[in-house]
Amino acid sequence: ITLEQAHQQTLLNQLREVTGTTDVQLLQQALQVSNGDLAEAVAFLTEKNPKVPQQDETTYYQTSQVSSDRYISVGSQADTNVIDLTGDDKDDLQRAIALSLEESNRAFRETGITDEEQAISRVLEASIAENKASLKRTHTEVWSDSPNPYDRKRVDNCPVGLKNVGNTCWFSAVIQSLFNLLEFQRLVLNYSPPARVHDLPRNQKEHRNLPFMQELRNLFSLMVGSKRKYVDPSRAVEILKDAFKSSESQQQDVSEFTHKLLDWLEDAFQMKAEEDREGEKPKNPMVELFYGRFLAVGVLEGKKFENTEMFGQYPLQVNGFKDLHECLEAAMIEGEIESLHSAENSARSGQEHWFTELPPVLTFELSRFEFNQALGRPEKIHNKLEFPCMLYMDRYMDRNREITRIKREEIRRLKEHLTLLQQRLERYLSYGSGPKRFPLADVLQYAMEFASSKPVCTSPVDDIDTSAPPGGTTGQPLPPPSRFMQQRVPIHKPFTQSRLPPDLPMHPAPRHITEEELRVLESCLHRWRSEVENDTRDLQGSITRIHRTIDLMYSDKSMMQVPYRLHAVLVHEGQANAGHYWAYIYDPHQRCWMKYNDISVTKSSWEELVRDSFGGYRNASAYCLMYINDKKPFLIEEEFDKETGQILSGMDKLPPDLKHYVKEDNEQFDKEMEEWDTLQARKAQQEKLALATAAAAAAAAAAAASADPEYMEQPSPTNDSKHLQEDTERAISRAAAEQEERSPEALLNAAIKLEYARLVRFAQEDTSPENDYRLQHVIVYFIQNQAPKRILERTLLTQFADRNLAFDERCKSIMNVARAKLDQIKPEEVNMDEYEMWHQDYRNFRETTVFMMTGLELFQKTNYVEALMYLIYAYQYNKELLSRGLYRGHDDELLGHYRRECLLKLNEQAAAMFESAEEPEVSTGLGIMNELVVPCIPLLLVHDAERDLLAVEDMRNRWCSYLGQEMEANLQEKLTDFLPKLLDCSTEIKSFHDPPKLPSYSTLELCERFGRVVAALGRLAPAEGR
């Protein structure tokens, strides 16, 4: 592509984006009419009724022949510096636009760098700056790697993710889609630069493309053989950044990036191809893989023409279409085309596109962004667009031109007939002349029901007591009370006075109707209703048959010879100015879809892909579809060893230089894990020494029995042990009253049985949520969670062995017996590790309860900032408890509801602060979002719960809605910087706040406060939260 052609394409893209015009022919005409004057071109395109000058055939050929540029582009949607003029003066708007375009032209003339390239430069510099800045972030933010290298270790041969180094999720989505084309992967890995440029690249392209090619090889080799779960693509991004020079930052439009990436790869392979085939026309593998040709067949003012053009990514408009075939049909036909295959010499103009050669990898660029001229900025189209797993391209091939035209004409005729039938059916289904309409069959049925009702002679308003109006007042001034003191005041009874008298029917009925009238009327209505129902069924059947005929129009075998299978779907979530990108890629070996979301690579499903990609459901939708020729399996087939015949995998796929590169990186990662192991071993040794010291200090005070949990025994009487002590003494007293034998051992056994029976009743009782017996006694918790009998027995013995029991002789003797029994328990009879594990679980349950109780108290006081961390940790800890048993934790839905509500309240507060447009409110609001809300969003996404997903969607929609509003430049800048963080769809749980410090509560205090808090929820919480 020459410099002039690139310049012309840039001008077309600028005009398209600024004016919102998508008609390439009209844009070219505007540039021709204006002789390259951009101000005049903008004026031409922004007139209400622009006059299209007459063209001769030669002129039309010239405007159509942009075919030397092998790309069909819809222009940049992200690189827009919006000029916001509040006035209505059209000339001012045109002058401002022209001034902006002239500045771009001047930059191009001075530097030779196009706006498209500058746009890429801006986002790449922003990405690198973001990556460097991330090194300085504190632990409260979510962007850092886990310090534990084992968290970053690759599991078996799972696909390797790519780290987002700052607004580079677009890079990850595109690179993963290409990497999983195994033929493309092989081409990149086995690429070797031309021998003549080893010493010094001879021009700018070689200076830029060859280092990038080497970094891409390095990146691909790590994705093949790394031991890491994800790798860092910064060096490849650095090369891209260094290719252009600019200081502004915006998120990159992915279609432009893919366009430029393939362009650079093509240049790199072209240099190699020219060296390998001296004297012959070289074949470029990138061109053969990604580029095809179509024939443009057109008529202009009755004169026919044909042009062959080359294409890479094929652009398709989304707006107004329901599926991919409709988009393709519209893209293949421009203007009025009847004259293309008509014998008459019509004056109509138009053109058709027919593919003459399809590439093995067919990429469709879905245009989901359009320029809103009223707002002066691009907007995203969220309409639903369906696409198939298998796409048959036969109907668009030039060799099938005639049969496709016949079928299109037949479909057009069927659709006209279908429209007529649907209009007729609508008259049956929406009958009436007023604003409200009903199905005609129902209308006839209602008339029949009315006529058949029992006739009445009473008016529907008769016999109704009107002495007191329904509202209890007549609306007239009340007379002085003294005149009516002795009169009886009528009492209004709203539930009795409004009832119909018993002799009136429940429904309206005719006053008078004879048997003969009723018989004739019923006969007519029955017959008419039957006729209407038959007509409706006939119409619906005809409509269904026509739909079926249209659906099967291209299903014959001759039109299913060019199958393309869906390989990858690149998804964008957000708005035009900001968002997050990820990819769904089909794995033919595992026969499943994989979701590549930056560092996260997970198994997915067609259902999840449909939900995220079709659009119309959330702010997520596909913007790029990558299909591969299903008859060319080499695209995704693994490579075989020529000597052994075995499939090459892992490091065996790499050439020697890349094997060495990956080996070095793996050794570095092994070293990281060794250093981590050494550090952990040192910490463990220090902890062991500390424990040994503590054990030695406590040895003098320790009894023969192991130390028991704090809620079982206290060194001195406290509030927490007092209630347990009272329960124990009460059980002993009852045992003494009921037991004939008064020996301490007999009393101990009887008391334990009584206490156990009491606790079993508590465990089995169906109580209200605020009265949780598990908090009152550990045994209730153990019983509900089916703890082993030996754990229960030792725990009860420990309760009766408490030194804080009353000091009467009976209790002291029972305590001594209990302690003796504890001493006699052998290690093999009760596993102390298991015993400690059960008590640790209970301690965790109490701790989770305190987190939950404190968070809910703060929430009820509307202190959402402090409440959030308590609710977050309560939910996480509770989830861990419930994973081991249904009764080990609290109500999962209740905690999830208040965690979600707290985030929504904080989001609402932060958004209100942002809307104030005043400092320090704006910074405080964004601080709440960045430090509290955004780090918690992955917690809501990770389990894919519907209500959590909707809450996240609500939060994102609130902030995305500001994109279409007028605001100060500094607010716009802050919003643009913040939105990519909010829209990041990664479900990886990264560094987080430390849990809040918890106060200690006695059992009595804990039960009382917990009861008050949960009881208040019943009065305040919506039903879904309980």
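Preceding this section is the structure that the text describes.
Keep in mind that what you see is a predicted model, and the values were worked out from it rather than measured.

Draft legend 1. Geometry of the overall build of the protein chain. Helix and strand counts for the protein chain come out as 31 helices and 16 strands. Burial analysis of the protein chain (1026 residues in total) assigns 49% to the buried set. For the protein chain, long-range pairs separated by at least 24 residues make up 74% of all intrachain contacts whose partners lie at least 6 apart in sequence.

Draft legend 2. Spotlight on the pattern of salt bridges. Taken as a whole and judged by the stated rule, the model has 40 salt bridges. Among the ionic pairs, aspartate 398 bridges to arginine 401, the shortest N-O distance being 2.6 Å. Of the residues examined, arginine 401 reaches a relative accessible area of 14% and is grouped as buried. Salt bridges sharing partners connect three or more residues here, namely Arg152, Arg228, Asp665 and Glu672.

Draft legend 3. Quick look at the packing of helix α27 (residues 892-916) against helix α29 (residues 946-960). For the pair α27 and α29, interaxial distance at closest approach is 10 Å and the crossing angle is 0°. In terms of orientation, α27 lies roughly parallel with respect to α29. Where α27 abuts α29, its residues Arg899, Arg900, Leu903, Leu904, Asn907, Glu908, Ala910, Ala911, Ala912, Phe914 and Glu915 lie against Arg947, Asp948, Ala951, Asp954, Met955, Arg958 and Trp959. Considering only residue class, the contact of α27 with α29 consists of nine nonpolar, one polar and eight charged.

Draft legend 4. Up close: the packing of aromatic side chains. All told, the structure shown has 33 aromatic pairs when counted by the stated rule. Between the aromatic rings of tryptophan 593 and tryptophan 606, the centroid separation amounts to 6.1 Å while the plane-to-plane angle is 40°, which identifies the pairing as tilted. Of this pair, tryptophan 593 sits in strand β14 (residues 592-597) while tryptophan 606 sits in helix α18 (residues 606-613), and the two are 13 residues apart along the sequence. Among the aromatic side chains, those forming a connected cluster through ring pairs are Phe387, Tyr586, Trp593, Trp606 and Phe614. The side chain of arginine 794 reaches across the aromatic face of tyrosine 835, ending 5.2 Å from its centre.

Draft legend 5. Fine view of the pairing of strand β4 (residues 303-311). Here strand β3 (residues 292-300) runs beside β4; their pairing, made up of nine bridges, is antiparallel. By the bridge assignment for β4, leucine 300 is matched with lysine 303. Counting the residues that bridge the hairpin from β3 to β4 gives two residues, and of these glutamate 301 lies at a positive phi of roughly 55°.

Draft legend 6. Summary view of helix α15 (residues 440-452). Spanning 13 residues, α15 covers 18 Å between terminal C-alpha atoms, matching the ideal 18 Å at 1.5 Å per step. Within α15 the residues assigned to the buried category are Leu440, Ala441, Leu444, Met448 and Ala451. Looking down the long axis of α15, one finds its buried residues gathered within 105° of arc, a one-sided arrangement. At its buried positions, α15 is contacted by α14 (401-429) and α17 (515-551).

Draft legend 7. Broad picture of the packing of helix α26 (residues 864-882) against α27. At a minimum axis separation of 9 Å, α26 and α27 run at an interaxial angle of 150°. With respect to α27, the axis of α26 lies roughly antiparallel. For α26 against α27, the interelement crossing comes out left-handed. Of the residues in α27, those in contact with Tyr864, Val865, Ala867, Leu868, Leu871, Ile872, Ala874, Tyr875, Gln876, Asn878, Lys879 and Leu882 of α26 are Asp892, Leu895, Gly896, Tyr898, Arg899, Cys902, Leu903, Lys905, Leu906 and Gln909. Residue composition of the contact of α26 with α27, grouped by class: 14 nonpolar, four polar and four charged.

Draft legend 8. Highlighting the environment of phenylalanine 450. Take phenylalanine 450: it is sitting in helix α15. Since its relative accessible area comes to 39%, phenylalanine 450 is described here as partly exposed. Considering only alpha carbons, one finds phenylalanine 450 and alanine 509, 59 residues apart in sequence, at a separation of 5.6 Å.

Draft legend 9. The state of the cysteines, seen in detail. Inspection of the entire model under this criterion finds zero disulfides. There is no disulfide at cysteine 936, and the cysteine sulfur nearest it, in cysteine 902, is 8.7 Å away. Assessed through its relative accessible area of 0%, cysteine 936 is described here as buried.

Draft legend 10. How the structure looks around helix α24 (residues 809-824). Between its first and last C-alpha atoms α24 spans 23 Å; for 16 residues at 1.5 Å apiece the expected length is 22 Å, and the two agree. Taken residue by residue, α24 has Cys811, Ile814, Met815, Val817, Ala818, Arg819 and Leu822 as its buried positions.

Draft legend 11. Molecular detail of the nonpolar core. In terms of nonpolar packing, the biggest core is built from 92 residues, with Phe782, Phe800, Leu868 and Trp959 touching the most fellow members. Considering every element that reaches this core, the biggest residue donor is helix α28 (residues 921-941), with 12 residues. Leaving out residues up to four positions away in the same chain, tryptophan 959 has contacts with Asn907, Ala910, Ala911, Phe914, Leu926, Met929, Leu975, Phe978, Leu979 and Leu982. In this structure, Val174, Leu178, Tyr191 and Met223 belong to the second largest nonpolar core, which totals 61 residues.

Draft legend 12. Representation of the pairing of strand β7 (residues 350-357) within the structure. Most of β7 is tucked away, with six of its eight residues classed as buried. Taken together, the seven bridges between β3 and β7 define a ladder with antiparallel strand orientation. Residue valine 299 lies in a different strand from β7, and its bridge partner there is glycine 350.

Draft legend 13. Layout of unusual backbone geometry. The step from glutamate 919 to proline 920 runs through a cis peptide bond, and the omega angle for that step is 5°. For proline 920, the location among the structural elements is in the loop between α27 and α28. Here aspartate 156, not a glycine, exhibits a phi torsion of approximately 50°, which is positive. Tracing the chain through its elements places aspartate 156 in the loop between α6 (115-134) and β1 (161-162). Its identity as a non-glycine residue notwithstanding, threonine 862 has a phi of 60°, on the positive side. Structurally, threonine 862 is set in the loop between α25 (832-860) and α26.

Draft legend 14. Main features of the environment of asparagine 148. Looking at the secondary structure, you find asparagine 148 in the loop between α6 and β1. In this structure the side chain of asparagine 148 is engaged in a polar contact, spanning 2.9 Å, whose partner is the backbone nitrogen of tyrosine 150.

Draft legend 15. Highlighting the side chain of asparagine 218. With respect to the helices, strands and loops of the structure, asparagine 218 is situated in helix α9 (residues 204-225). Residue asparagine 218 is classed as buried on the basis of its relative accessible area of 6%. Those residues within four positions of asparagine 218 in sequence are excluded, and the remaining contacts are Leu658 and Tyr661.

Draft legend 16. Representation of the side chain of serine 621 within the structure. Mapped onto the elements, serine 621 comes out in strand β16 (residues 620-629). On the basis of relative accessible area, serine 621 is assigned to the buried category, the value being 1%. Every residue in contact with serine 621, bar those within four places of it in the chain, is listed here: Arg368, Lys380, Ile381, Leu570, Val571, His572, Asp612, Ser613 and Gly615.

About the cut-offs
- For every chain, the first residue of the written sequence is number 1, and numbering continues from 1 along that sequence.
- Restriction of local features to residues with pLDDT of at least 70 applies here, the model being predicted, together with a cutoff of 80 or more for giving and counting side-chain atom pairs; totals for whole chains, interfaces and linings are based on all residues.
- Excluded from the side-chain calculations are hydrogens and water; all other atoms, namely the structure's heavy atoms, are used.
- Secondary structure elements follow DSSP: runs of H or I no shorter than four residues count as helices, runs of E no shorter than two count as strands, and numbering proceeds from the N terminus.
- Exposed residues in this analysis have more than 50% of their type's maximum accessible area, buried residues have under 20%, and partly exposed residues fall in between, with area computed by a 1.4 Å probe over protein chains only.
- Pairs of residues are marked as contacts when any of their non-hydrogen atoms sit within 4.5 Å.
- For this document, the term salt bridge refers to a Lys or Arg side-chain nitrogen within 4 Å of an Asp or Glu carboxyl oxygen.
- Every axis in this analysis is a line fitted to C-alpha atoms, fitted for helices over the stretch in contact. Angles between the N-to-C directions lie between 0 and 180 degrees.
- Under this scheme an angle from 65 to 115 degrees is roughly perpendicular, one under 35 degrees roughly parallel, and one over 145 degrees roughly antiparallel; angles in between are oblique.
- Residue classes follow a fixed rule: Ala, Val, Leu, Ile, Met, Phe, Trp, Tyr, Cys and Pro count as nonpolar, while Asp, Glu, Lys and Arg count as charged, and any other residue, Gly among them, counts as polar.
- Only the six-membered ring of Trp is used, alongside the rings of Phe and Tyr, when aromatic pairs are assigned; centres must lie within 6.5 Å, and planes under 30 degrees apart are stacked while those over 60 apart are edge-to-face, with the rest tilted.
- Only when the NZ of Lys or the CZ of Arg is both within 6 Å of the ring centre and within 35 degrees of the ring normal is a charge said to sit over the ring.
- Strand pairing requires that DSSP identify at least two bridges connecting the strands.
- To estimate how far a helix should extend, the number of its residues minus one is multiplied by 1.5 Å.
- Read the arc as the range of directions from the helix axis to the C-beta atoms.
- We call a crossing left-handed when the near helix sits turned anticlockwise from the far one by less than a right angle, and right-handed when that turn is clockwise.
- What counts as a disulfide here is a pair of cysteine sulfur atoms lying within 2.5 Å.
- Here, nonpolar core refers to any group of buried Ala, Val, Leu, Ile, Met, Phe, Trp, Tyr and Cys residues whose side-chain atoms link them within 4.5 Å.
- Polar contacts, as used here, are pairs of N or O atoms within 3.5 Å; protein pairs need one atom able to donate a hydrogen and one able to accept it. Residues neighboring in sequence count only if both atoms are side-chain atoms.

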